[in-house]
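# Descriptive structure summary
Here are the chains, one letter per residue:
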Amino acid sequence: MLLAIDSSTQRVGLALYDGAQVAGEMVWTSQNHHTVELAPAVDELLRRCGVKPDELTCLGVALGPGSFTSLRIGLALAKGMALGLHLPVVGVPTLDMVAASVPVSELPLAAVLQAGRMRIAVGWYTAQGEDWKSDGEALVTTAEELAARIRKPTLVCGELTADERQLLARKRKNVLLASPAQSVRRPALLAELAWKRFQDGQRDEVISLAPIYLHVAEPIPA
């Protein structure tokens, strides 16, 4: 049984997954109370699903980008559990799980999440077989800059405010927005991605596992 932990932003998620089914899933919006909410939520999910800590075989954790503090809290919990229960850990970029919520298409995909101070983190993806493949590092930008960069039909999915969705929707010929429900980060998708990598033999060094840091996008030339 794999436990997935996503604390990338104020939207927090947990899931239990055994390779055949999602045993349980929790998603909530925290008011920056990750420190006091996350560990009790893990205990509650395990209890509700009838899973004991020693029945876990692996941990999957979202690496960001996202809020530096909230990511650190999730990583600290995952590391503590890994060391205490002698479990392997698989880190997954948060935008990979955002991309996984959208069916693979011939169109490019911009996966988005909130980066604070009116900014967003954006990762670009293209189809590779039945999966999305990242086209490079995630960048910090704004919804206005993202809209300016999109000059051909492009899927856009992820954490956007109402104003950001409205702004991007103005370019409806080129911006194909996923619905709000489809844009929710599902910890079950994080669990699936981590499980697949775990089954492929991938493991991360617990002590050195660190968040993904962001780079600021270059401005669009006038």
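These remarks concern the structure in this document. (Residues numbered from 1 in each chain as written. Predicted model: local features only at pLDDT ≥ 70, side-chain atom pairs only at ≥ 80, totals over all residues. Heavy atoms only, no water.)

## Details of the pattern of salt bridges
In plain terms, the rule: Only one rule defines a salt bridge in this text: a Lys or Arg side-chain nitrogen within 4 Å of an Asp or Glu carboxyl oxygen. Per the convention used, a helix needs a DSSP run of H or I reaching at least four residues, while a strand needs a run of E reaching at least two, with both numbered from the N terminus. Think of it in three bands: with a 1.4 Å probe and only protein chains considered, a residue is buried below 20% of the maximum accessible area for its type, exposed above 50%, and partly exposed in between.
Tallied over the entire structure, the rule returns seven salt bridges. Ionic pairing is found between R48 and E44, a salt bridge with its closest N-O pair at 2.6 Å. Of this pair, R48 and E44 both sit in helix 1 (residues 34-49), four residues apart, which is roughly one turn of the helix. A residue is classified by how much of its surface remains accessible, and R48, at 63% relative accessible area, is exposed. Measuring nitrogen to oxygen at the nearest pair gives 3.3 Å for the salt bridge that ties D131 to K196. In this pair, D131 sits in strand 8 (residues 131-134) while K196 sits in helix 6 (residues 187-199), placing the two residues 65 residues apart along the sequence. Classification of K196 as partly exposed rests on a relative accessible area of 46%.

## A look at unusual backbone geometry
Backbone torsion omega between G64 and P65 reads 15°, so that peptide bond is classified as cis. Relative to the elements of secondary structure, P65 occurs in the loop between strand 4 (58-62) and helix 2 (68-85). In the Ramachandran plot, N32 falls in the positive-phi region, its phi being about 60° despite a non-glycine side chain. Locating N32 in the fold gives a position in the loop between strand 3 (22-29) and helix 1. N32 sits in the exposed class, given a relative accessible area of 59%. Unusually for a residue other than glycine, M118 sits at a positive phi of about 65°. In this structure M118 comes out as exposed when scored by relative accessible area, which is 75%.

## Thoughts on helix 6
An α-helical turn contains 3.6 residues, so a residue and the one three or four places further along point in the same direction. Filter applied, for reference: Multiplying one less than the number of residues by 1.5 Å gives the expected span of a helix. Every residue pair with non-hydrogen atoms within 4.5 Å of one another is taken to be in contact.
For helix 6, with 13 residues, the first-to-last C-alpha span of 18 Å sits near the 18 Å given by 1.5 Å per residue. Buried within helix 6 are the following residues: P187, A188, L189, L190, A191, A194, W195 and F198. Looking at the buried residues of helix 6, the elements they touch are strand 1 (2-6), strand 2 (11-17), strand 3, strand 4, strand 5 (89-92) and helix 3 (94-99). Of the residues trailing helix 6, G201 is marked for its positive phi of about 90°.

## A few points about the sheet that holds strand 2
Quick note on the threshold: Should DSSP find at least two bridges between two strands, the strands are regarded as paired. The axes used here are C-alpha line fits, helices contributing only the stretch in contact, and every angle between their N-to-C directions lies in the interval 0 to 180 degrees.
In space, the five strands of this open sheet follow the order 3-2-1-4-5, with mixed pairing throughout. This sheet does not close on itself; its edge strands, each paired only once, are strand 3 and strand 5. On average, each strand axis in the sheet is tilted by 15° relative to the strand beside it, whichever way the strands run. Bridge count between strand 1 and strand 4: four bridges; the pairing is parallel. Bridge pairing in strand 4 links I5 to V61. Lying on the sheet, helix 2 is in contact with strand 1, strand 4 and strand 5; it crosses strand 4 at an angle near 170°.

## Looking at the packing of helix 1 against helix 2
Using the following cut-off: Each crossing gets its hand from how the near helix is turned against the far one by less than a right angle, where anticlockwise is left-handed and clockwise is right-handed.
Remark: helix 1 packs on helix 2, axes separated minimally by 10 Å, with the N-to-C direction vectors making an angle of 35°. The way helix 1 lies across helix 2 gives a crossing that is right-handed. Each of H34, T35, L38, A39 and V42 in helix 1 lies in contact with helix 2, whose residues at this interface are S70, I73, G74, L77 and M81.

## Concerning the pairing of strand 2
Most of strand 2 sits inside the fold, with six of its seven residues counted as buried. Note: strand 1 against strand 2, five bridges, orientation antiparallel. Opposite L3, over in strand 2, you have L16 as the bridge partner. In textbook terms, the turn of a hairpin is the stretch between consecutive antiparallel strands, and for strand 1 and strand 2 this stretch comprises four residues. The pairing of strand 2 with strand 3 spans seven bridges and is antiparallel. Within the sheet, the bridge partner assigned to L16 lies in strand 3 and is G24.

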